[in-house]
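This is what each chain is made of:
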Amino acid sequence: MDNYQFVRSRIPERYLKAFYGALPEGVHLILVTQLVNPVPRAIVGDAQVNHIRKEHLDFDTADIPAYYGQLGLRLTGEQAEWIRRFTGGWAAGVYLTALAYSEAGTLQAVNDVEALIRATVWDKLSGADRLFLLRLCNFDSFDLETARFLNETDWIDANILDMLERNGFVWHDMGERRYYIHSILQLYVKKEFDACSGVFRERVLRLTAQWHEKQGNNFLALRYYALIGDFRAALSLPLATSDFSSNASAENRKLLLSVLDRCPPEIRAEFPRAMIVFAFALFIYNETERVVAL
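Residues numbered from 1 in each chain as written. Predicted model: local features only at pLDDT ≥ 70, side-chain atom pairs only at ≥ 80, totals over all residues. Heavy atoms only, no water.

**Digging into the layout of surface pockets**
In this structure, the second largest pocket occupies an estimated 300 Å³ of space. Around the second largest pocket, the lining comprises 13 residues; the ones closest to its centre are N138, R223, Y224, L227 and E251. Elements with a contribution of two residues or more to the lining of the second largest pocket: α11 (183–194), α13 (218–227) and α16 (250–262). Here the lining of the second largest pocket is built from residues that sort into 6 nonpolar, 2 polar and 5 charged. (1 Å grid on protein atoms, 1.4 Å probe; cavity = no way out; pocket = protein on both sides within 12 Å on 5 of 7 lines; lining within 4 Å. Points joined across faces, edges and corners; volume = space filled by probe spheres on them. Helix = DSSP H or I, 4+ residues; strand = E, 2+ residues; numbered from the N terminus. Nonpolar A, V, L, I, M, F, W, Y, C, P; charged D, E, K, R; others polar.)

**Digging into empty space enclosed by the protein**
One simple way to see leftover space: roll a probe sized like a water molecule over the atoms. In the structure shown here, the tally under the stated rule is 1 cavity of 30 Å³ or more. Along the walls of the largest cavity sit L133, L136, C137, F139, F142, I181, L185, Q186 and V189, which together make up its complete lining. At 3 residues, α11 tops the list of elements feeding residues into the lining of the largest cavity. Considering only residue class, the lining of the largest cavity consists of 8 nonpolar, 1 polar and no charged.

**Some thoughts on the sheet that holds strand β3 (residues 178–181)**
Spatially, β1-β3-β2 is the arrangement adopted by the 3 strands of the open sheet, whose pairing is antiparallel. Both outer strands of the open sheet, β1 (141–142) and β2 (170–173), are each paired with one neighbouring strand and no more. This element, helix α10 (residues 158–166), spans β1, β2 and β3 of the sheet and lies at about 55° to β3. (Pairing = 2+ DSSP bridges. Contact = heavy atoms within 4.5 Å. Axes fitted to C-alpha atoms, helices over the stretch in contact; angles between N-to-C directions.)

**Considering the nonpolar core**
Among the nonpolar cores identified, the biggest contains 66 residues, and F132, L133, L222, F244 and F278 are the most heavily contacted of them. Within the second largest apolar cluster, 10 residues are counted, among which are I64, Y68, L73 and Y101. (Core = buried A, V, L, I, M, F, W, Y, C linked by side-chain atoms within 4.5 Å. Buried < 20%, exposed > 50% of the residue type's maximum accessible area, 1.4 Å probe, protein only.)

**Things to note about the pattern of salt bridges**
Applying the stated rule across the entire model yields 12 salt bridges. Taking the shortest distance from any N to any O, the salt bridge between K191 and E114 comes out at 2.7 Å. Within this pair, whereas K191 is found in helix α11, its partner E114 is found in helix α7 (residues 113–120), the two being separated by 77 residues in sequence. The partly exposed category is assigned to E114, whose relative accessible area is 34%. The residue R203 makes a salt bridge to E152 at a minimum N-O spacing of 2.5 Å. Here the residue R203 occupies a position in helix α12 (residues 198–214), and E152 occupies one in the loop between α9 (144–150) and α10, the gap between them amounting to 51 residues. (Salt bridge = Lys/Arg side-chain N within 4 Å of Asp/Glu carboxyl O.)

**Quick notes on the packing of aromatic side chains**
Under the definition given, this model contains 12 aromatic pairs. Centre to centre, the rings of F142 and Y179 are 5.6 Å apart; their planes meet at 25°, and the pair counts as stacked. Of this pair, F142 sits in strand β1 while Y179 is found in strand β3, placing the two residues 37 residues apart along the sequence. What links up through ring pairs into an aromatic cluster is the set F59, Y67, Y68 and Y101. (Phe/Tyr/Trp six-rings, centres within 6.5 Å; stacked < 30°, edge-to-face > 60°.)

**A look at unusual backbone geometry**
The phi dihedral of R177 is positive, around 55°, even though this residue is not glycine. Examined against the element boundaries, R177 turns out to sit in the loop between β2 and β3. A relative accessible area of 65% places R177 in the exposed class. Phi angles above zero are rare outside glycine, and N286 is one such case at about 60°. Checked against the element boundaries, N286 lands in the loop between α18 (272–284) and α19 (288–293).

**A closer look at the side chain of T208**
With respect to the helices, strands and loops of the structure, T208 is situated in helix α12. With near-sequence residues (within four places) excluded, T208 lies in contact with N138, F139, L150 and Y224.

**Quick word on the environment of P24**
You can see P24 is positioned in the loop between α1 (13–21) and α2 (41–44). Among the residues examined, P24 registers a relative accessible area of 51% and is labelled exposed. In sequence terms P24 and L257 are 233 residues apart; their C-alpha atoms lie 56 Å from each other.

**Notes on the packing of helix α4 (residues 63–70) against helix α5 (residues 77–87)**
Running from N to C, α4 and α5 cross one another at 105°; their axes reach a closest spacing of 8 Å. Classed by the angle they form, the pair α4 and α5 counts as roughly perpendicular. Listed contacts from α5 to I64, P65 and Y68 of α4 are A80, I83 and R84. Across the contact of α4 with α5, the residue classes break down as 5 nonpolar, no polar and 1 charged. (Parallel < 35°, antiparallel > 145°, perpendicular 65-115°, else oblique.)

Dropping the structure here:
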């Protein structure tokens, strides 16, 4: 069960405990999860459960040359220790250094993870592949319907689908029919996106906002409309106070205040219903003086 942090609120721990307790010998239930607080006591605290933590998955100085050897690459002990320090033993980082080393024949070209991603992944993509990923860089995962909408097309080229299947930093969940981008590739693509022309960035951010609006994710739509300064579109959203209360955070407080500060008074006056919702949102953040002013 992957991404357990997303389903733990829907599957009570006692159900899981009853389930794995009834499994026949030799059959195991494996939960993969990001760090969750608190750690599920009913699971991790059980004597029947093996808790595999991050440190068990890190590559040490002995693991790295063994892994390289499976790829047909030889390392000295000094090189293996350098890679361990450089990557922190992180599997994706070790994989990237192996890609760079296999092509350059030296570790001298390896100086940071961003350079590794650029050399081993980004520079090898076609222009169409790059454009596809740039348009979807604000999504942790996407299906083909999302991809078509963001790329403003009715179909996705077979070469792009092939790239997604072959790329070691994209995972295709066949059951969900979704593609998941590894965080280090997504962060790199976002940097490339930030360097694109303002016209292109605005178009992609608008499409991103429109997609979230279409899916009923009004708070996310607000965020992207605010990024491009389209306050009429932002205030036209059917926002509710619950959109703000369920997304309460320091970052979203900053977003709320930014929209109110940057939106011209004449546009705010066009949307009295939205202003009532925003006033309640200010109340949630204890912005008493601003509530009164609004």
